[in-house]
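Fold and contact review
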Amino acid sequence: MAILLPEATQTTTESLTPRQIVAELDKYVVGQAAAKRAVAIALRNRMRRQKLAPELAEEIAPKNILMIGPTGVGKTEIARRLARLAQSPFVKVEASKFTEVGYVGRDVESMVRDLVELGIDMVRGERLEEVRSKAAASAEDRLIDLLLPPTRPIAPDESADAVGDHQQRTRDRFREQLRSGALDNRVVELDARDKSFPSLEIIAGSSVEEIDINLKDMLPGLFQGKTKKRRMKVPEALEYLTQEEETKLIDMDSVARTAVDRVEQAGIIFIDEIDKIAGREGSHGPDVSREGVQRDILPIVEGTTVNTKYGMVKTDHILFIAAGAFHVSKPSDLIPELQGRFPIRVELEALGREEFVRILTEPRSALVKQYMALMETEGISLTFTDDAIHKIADFATIVNERTENIGARRLHTVMEKLLDEISFEGPDLVEKRVTIDDEYVTKMLADIVKNEDLSRYIL
């Protein structure tokens, strides 16, 4: 007997081979073949696990991944695109934001709670798509009821069928006018629920996040929300009524069960800056707290049960992807137990001139395409010559070498400086066709590269 991922998640990844997963990632991330290969295998193994008998599947834990590489080389982007490809709940957290119990900071279990909230949003969005047409029809009927004059009693000499036909024709006429926009300026009055929530703060325990009291269940009469008469135009009223109908049609208990199941079987947590909590054994000062954070994160990664307001969530089969630059510390500085929970380690390479050229032009959302689209909104036709793109890559590489190497993020700063004049003057330009060539790039960026002190601040 196979176990299946809930609803849409299972069908999307089942047909993707590791080679196809890498090909999909190549559309958004340049290079880093080893990291893409590792995450593709991890995703495929998750799909393989679904086809096993439940007893064996329960024993197979995901092989967590540790990405080692400088900033701006694509670590986060690979994980984010992988989650989107697999339609999996995905959350990115920074290890440095967590602190051990007793210190100021976030509770480590909050990463799982955040993941569940994202899972709820995903499943609720899918259910909304299913009921949208039905909710819209119901809202339309309710709005027509508000627009129509009150029905008069049937006279003795009138036929009930004839009156019913007349009322139906009137409703159909109003429906046509509503859909065509002829009634958009009409104002209706309806009972709107007051969404204000009583302010209540409880301080207890070691962390506010540990308190999980469902006050709505304890005091149902207090939080039902009072209704009050509101006057609004027809389009706003239709939108409000549609949301009300959607809420009625969605079973939130079912959404919560599906979301928790999806998080447990398909969730991905990306822990960034894990090198910032790496501290050697026997250290004093801040390192003690760092090691405490590692020990607090360890149970979550190993597999534990976290209490959330939607129920208990097991983390045994959540895939954890950790990343860090490890400039100062080394992966071996992490506590041995945590090292053992990240059996797959991949090193990402620093980016150079050739990679920058590809990043500027190849991905679906390449920087050059983004700026061309932005300028197009002003009616400006912006084009880049091949020489200009190579020159931009040259400047980005030089600045990275002379100052801090921030990888592909340097391209954002270089492009902003390059297009500063065009972005500012864009709406007032008479000539709407602008070509960025080698000379223009040199003119805009040469001074910045020559002045090393200035480049530290501007780029």
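Conventions we followed
- Residues numbered from 1 in each chain as written.
- Predicted model: local features only at pLDDT ≥ 70, side-chain atom pairs only at ≥ 80, totals over all residues.
- Heavy atoms only, no water.
- Helix = DSSP H or I, 4+ residues; strand = E, 2+ residues; numbered from the N terminus.
- Buried < 20%, exposed > 50% of the residue type's maximum accessible area, 1.4 Å probe, protein only.
- Contact = heavy atoms within 4.5 Å.
- Pairing = 2+ DSSP bridges.
- Axes fitted to C-alpha atoms, helices over the stretch in contact; angles between N-to-C directions.
- Lys, Arg positive; Asp, Glu negative; His and termini not counted.
- Salt bridge = Lys/Arg side-chain N within 4 Å of Asp/Glu carboxyl O.
- Patch = residues over 30% accessible without salt bridge, like charges linked within 9 Å, V, L, I, M, F, W, Y side chains within 5 Å.
- Areas by Shrake-Rupley, 256 points an atom, 1.4 Å probe, with all protein chains shown as cover.
- Charge placed at Lys NZ, Arg CZ, Asp CG, Glu CD.
- pLDDT = per-residue confidence, 0-100.
- Core = buried A, V, L, I, M, F, W, Y, C linked by side-chain atoms within 4.5 Å.
- Phe/Tyr/Trp six-rings, centres within 6.5 Å; stacked < 30°, edge-to-face > 60°.
- Lys NZ or Arg CZ within 6 Å of the ring centre and 35° of its normal.
- Parallel < 35°, antiparallel > 145°, perpendicular 65-115°, else oblique.
- Left-handed = near helix turned anticlockwise from the far one by under 90°.
- Nonpolar A, V, L, I, M, F, W, Y, C, P; charged D, E, K, R; others polar.
- Expected span 1.5 Å × (residues − 1).
- Polar contact = N/O pair within 3.5 Å; in protein donor to acceptor, adjacent residues only side chain to side chain.

**So, the overall build of the chain**
Helices and strands together make up the secondary structure of the chain, namely 19 helices and 11 strands. Counting every position in the chain, which comprises 459 residues, the buried fraction comes to 43%. Restricting to contacts in the chain with at least 6 residues of sequence separation, those with at least 24 account for 80%.

**Section: unusual backbone geometry**
The general pattern is negative phi for most residues beyond glycine and trans for most peptide bonds. Despite not being glycine, Gln87 has its phi angle at roughly 55°, a positive value. Tracing the sequence through the fold places Gln87 in the loop between helix H5 (75-86) and strand S2 (90-94). Judged by its relative accessible area of 29%, Gln87 is partly exposed. A positive phi angle is found at Glu273, which is not glycine, with a value near 55°.

**Comments concerning the sheet that holds strand S1 (residues 65-68)**
Spatial ordering of the open sheet is given by S2-S5-S8-S1-S9, a layout of 5 strands whose pairing is parallel. Either end of the sheet is taken by a strand with one partner, and the two such strands are S2 and strand S9 (344-347). The mean inter-strand angle of the sheet, taken between neighbouring strand axes irrespective of direction, is 20°. With 4 bridges joining them, strand S5 (residues 268-272) and strand S8 (residues 319-324) adopt parallel strand pairing. Along S8, the bridge assignment pairs Ile268 with Leu319. Of the strands in this sheet, S1, S2, S5 and S8 touch H5, which is tilted by about 170° from S5. Of the strands in this sheet, S2, S5 and S8 touch helix H6 (residues 110-147), which is tilted by about 150° from S2.

**Points about the pairing of strand S3 (residues 187-193)**
Alternating positions in S3 separate cleanly, Val188, Leu190 and Ala192 being buried on one face and Val187, Glu189, Asp191 and Arg193 remaining unburied on the opposite face. One ladder, built from 7 bridges, connects S3 with strand S4 (residues 227-233); its direction is antiparallel. In the strand pairing of S4, Val188 is matched with Met232.

**Points about the side chain of Glu264**
Mapped onto the elements of the fold, Glu264 is located in helix H10 (residues 252-266). At 6.6 Å, Lys314 is the nearest oppositely charged side chain to Glu264, a buried residue that forms no salt bridge. Beyond its immediate sequence surroundings of up to four residues, Glu264 is in contact with Met312, Val313, Lys314, His317 and Ile318.

**Concerning a negative patch on the surface**
A contiguous patch of negative charge on the surface is contributed by Glu378, Glu416, Asp420, Glu421, Glu425 and Asp428. Per element, the largest residue contribution to the negative patch is 3 residues, and it comes from helix H17 (residues 420-425). In this structure, Glu421 sits in helix H17.

**Considering the confidence of the model for the chain**
Of the residues in the chain, 80% have a pLDDT of 70 or more, and the chain-wide mean is 79. When the criterion is pLDDT under 50, residues 199-213 qualifies, and its contacts beyond four places in sequence or with other chains add up to 16 contacts.

**Side note on the nonpolar core**
The biggest cluster of nonpolar side chains holds 59 residues, and the ones touching the most others in it are Ile321, Phe384, Met415, Leu418 and Ile436. Non-local contacts of Phe384, meaning those with residues more than four positions away in its chain, are made with Val368, Met372, Ile389, Ile392, Met415, Leu418, Leu419 and Ile436. By size, the runner-up hydrophobic cluster in this structure holds 41 residues, among which are Leu66, Val116, Ile297 and Phe320.

**Concerning the packing of aromatic side chains**
Enumeration over the complete set of coordinates arrives at 0 aromatic pairs. Seen from the ring of Tyr28, Arg81 lies directly overhead, with NZ or CZ sitting 4.0 Å from the centre.

**Overview of the environment of Asp333**
Among the secondary structure elements, Asp333 is positioned in the loop between S8 and helix H12 (336-340). When the C-alpha positions of Asp333 and Ile277 are compared, they lie 9.3 Å apart, and in sequence the two are 56 residues distant.

**Focus: the pattern of salt bridges**
Side chains that differ in charge, positive against negative, can pair when their charged atoms come close. Under the defined criterion, the tally for this structure stands at 27 salt bridges. When the shortest N-O distance is used, the salt bridge between Glu140 and Arg179 registers 2.9 Å. Remark: Arg179 occurs in helix H7 (residues 160-180) and Glu140 occurs in helix H6; sequence separation between them is 39 residues.

**Notes on the packing of helix H3 (residues 33-50) against H5**
Where H3 meets H5, the closest approach of the two axes is 11 Å, and the angle between their N-to-C directions is 30°. As judged from the angle between their axes, H3 and H5 are roughly parallel. Crossing of H3 against H5: the hand is right-handed. Contacts between H3 and H5 involve Ala35, Lys36, Val39 and Leu43 from the first element and Ile78, Leu82 and Ala86 from the second. Counted by class, the contact of H3 with H5 contains 6 nonpolar, no polar and 1 charged residues.

**Considering H10**
For H10, spanning 15 residues, the distance from its first C-alpha to its last is 20 Å, which sits close to the expected 21 Å at 1.5 Å a residue. Of all the 15 residues making up H10, 11 are buried; the element is thus mostly covered by neighbouring parts of the structure. Among all positions of H10, only Ser254, Val255, Ala256, Thr258, Ala259, Val260, Arg262, Val263, Glu264, Gln265 and Ala266 are buried. Where H10 begins, one side-chain oxygen reaches toward the backbone nitrogen of Asp253, 3.2 Å away; that side chain belongs to Asp251.

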